[in-house]
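Topology and contacts: notes
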Amino acid sequence: MKNIIKIICITFLLVSCGDFEPVVYDSVNGQTGLGFTVSTTNVVVPQEGVTVMVSAQSTKTSTSDRTFNVTVDESSTGSSSDYTIGSLTIPAGEYDGALSVTFDNFDGLEDLVTNSLVLNIEISGDVAVVGSAKTTINYVKEVVCNDFTLTINEDGFGSERN
């Protein structure tokens, strides 16, 4: 009976593993793997704005800088006026690159509302996805606290206590 249970478990594992398709890319014949290194980033936007660098990695180096297109996913919330997206660039001779995203619309953001910016790398035919072609930046407006000063003016009998 125990052997039958073992055989059923092994069969189940083999069948369930058969559905998994690993990412395949061919670095020998010129294909490059590319993906973001983080899936989510959280940012607090101060009054002066902030720039976030989102990292990406390639499986190959190149003799020249490589720039990849990045698009905004329709699942993003907030307004396109909240941010400015730079370009995803991997410098020559490097595996690592970065995409700059600047949040500079402090007055246009609602207080205590978290928005998300979902970005996708546009993958061409000679590039395969390694890791994730999608990353999310959650951003929220910094809560500005106004400091105040309390001044107590005593009269001529301030030293008397009850």
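Everything here concerns the structure above.
The structure reproduced in this document is the subject of the present report.

The next point concerns the nonpolar core. When a protein is soluble and globular, its nonpolar side chains tend to lie buried together. Of all hydrophobic cores here, the largest spans 23 residues; its most connected members are Leu99, Val101, Phe103, Leu117, Ile137 and Tyr139. Sorting the residues of this core by element identifies β1 (32–36), β2 (40–45), β3 (50–58), β7 (88–90), β8 (96–103), β9 (114–121) and β11 (134–141) as the ones contributing at least two each. Every residue in contact with Ile137, bar those within four places of it in the chain, is listed here: Thr41, Val43, Val54, Val101, Phe103, Asn115, Ser116, Leu117 and Leu119.

With three bridges connecting them, β1 and β3 associate as antiparallel partners. If you follow Gly35 over to β3, its bridge partner there is Gln57. Judged from the eight bridges that link them, β3 and β8 form a sheet pairing that is antiparallel. Its bridge partner being in β8, Ser55 is matched across the sheet by Ala98.

Let's shift gears to the packing of aromatic side chains. Tallied over the entire structure, the rule returns two aromatic pairs. Centroid distance Tyr83 to Phe103: 6.4 Å. Interplanar angle 70°. Geometry classified as edge-to-face. Highlighted residues: Tyr83 in strand β6 (residues 83–85) and Phe103 in strand β8, separated in sequence by 20 residues. The pair formed by Tyr83 and Phe103 is uniform in burial state, with each residue classed as buried. Where Phe103 meets Tyr139, the ring centres are 4.6 Å apart and the plane angle is 35°; that geometry is what we call tilted. You can see Phe103 sitting in strand β8 and its partner Tyr139 sitting in strand β11, a full 36 residues away along the chain. Neither residue differs from the other here; Phe103 and Tyr139 are each classed as buried. A connected cluster of aromatic rings, assembled from ring pairs, spans Tyr83, Phe103 and Tyr139. Above the face of the Phe106 ring, Lys141 is positioned so that its terminal group lies 4.7 Å from the ring centre.

Attention now goes to the pairing of β8. Of the two faces of β8, the one lined by Gly97, Leu99, Val101 and Phe103 is fully buried and the one lined by Asp96, Ala98, Ser100 and Thr102 carries no buried residue. When β6 meets β8, the two strands line up antiparallel, connected through three bridges. Within β8, the position partnered with Ile85 by the bridge is Val101.

Turning next to the environment of Ser75. Here Ser75 is to be found in the loop between β5 (70–72) and β6. Separated by 44 residues in the primary sequence, Ser75 and Leu119 have C-alpha atoms spaced 9.5 Å apart. In this structure, Ser75 is in contact with Ser116 and Val118, ignoring residues within four places of it in sequence. Of the polar contacts made by the side chain of Ser75, one reaches the side chain of Asp73; its length is 2.7 Å.

Our next topic: a nonpolar patch on the surface. Nonpolar side chains collect at one region of the surface, where Phe148, Leu150 and Ile152 lie side by side and expose about 440 Å² of accessible area between them. Its place among the elements puts Leu150 in the segment after β11.

Let's shift gears to the pattern of salt bridges. Summed over the entire model, instances satisfying the criterion amount to two salt bridges. Between Lys141 and Asp111 there is a salt bridge, with its nearest N and O atoms 3.3 Å apart. Here Asp111 lies in the loop between β8 and β9 and Lys141 lies in strand β11, a separation of 30 residues in the sequence.

Procedures and definitions
- Residues numbered from 1 in each chain as written.
- Predicted model: local features only at pLDDT ≥ 70, side-chain atom pairs only at ≥ 80, totals over all residues.
- Heavy atoms only, no water.
- Core = buried A, V, L, I, M, F, W, Y, C linked by side-chain atoms within 4.5 Å.
- Buried < 20%, exposed > 50% of the residue type's maximum accessible area, 1.4 Å probe, protein only.
- Helix = DSSP H or I, 4+ residues; strand = E, 2+ residues; numbered from the N terminus.
- Contact = heavy atoms within 4.5 Å.
- Pairing = 2+ DSSP bridges.
- Phe/Tyr/Trp six-rings, centres within 6.5 Å; stacked < 30°, edge-to-face > 60°.
- Lys NZ or Arg CZ within 6 Å of the ring centre and 35° of its normal.
- Polar contact = N/O pair within 3.5 Å; in protein donor to acceptor, adjacent residues only side chain to side chain.
- Patch = residues over 30% accessible without salt bridge, like charges linked within 9 Å, V, L, I, M, F, W, Y side chains within 5 Å.
- Areas by Shrake-Rupley, 256 points an atom, 1.4 Å probe, with all protein chains shown as cover.
- Salt bridge = Lys/Arg side-chain N within 4 Å of Asp/Glu carboxyl O.

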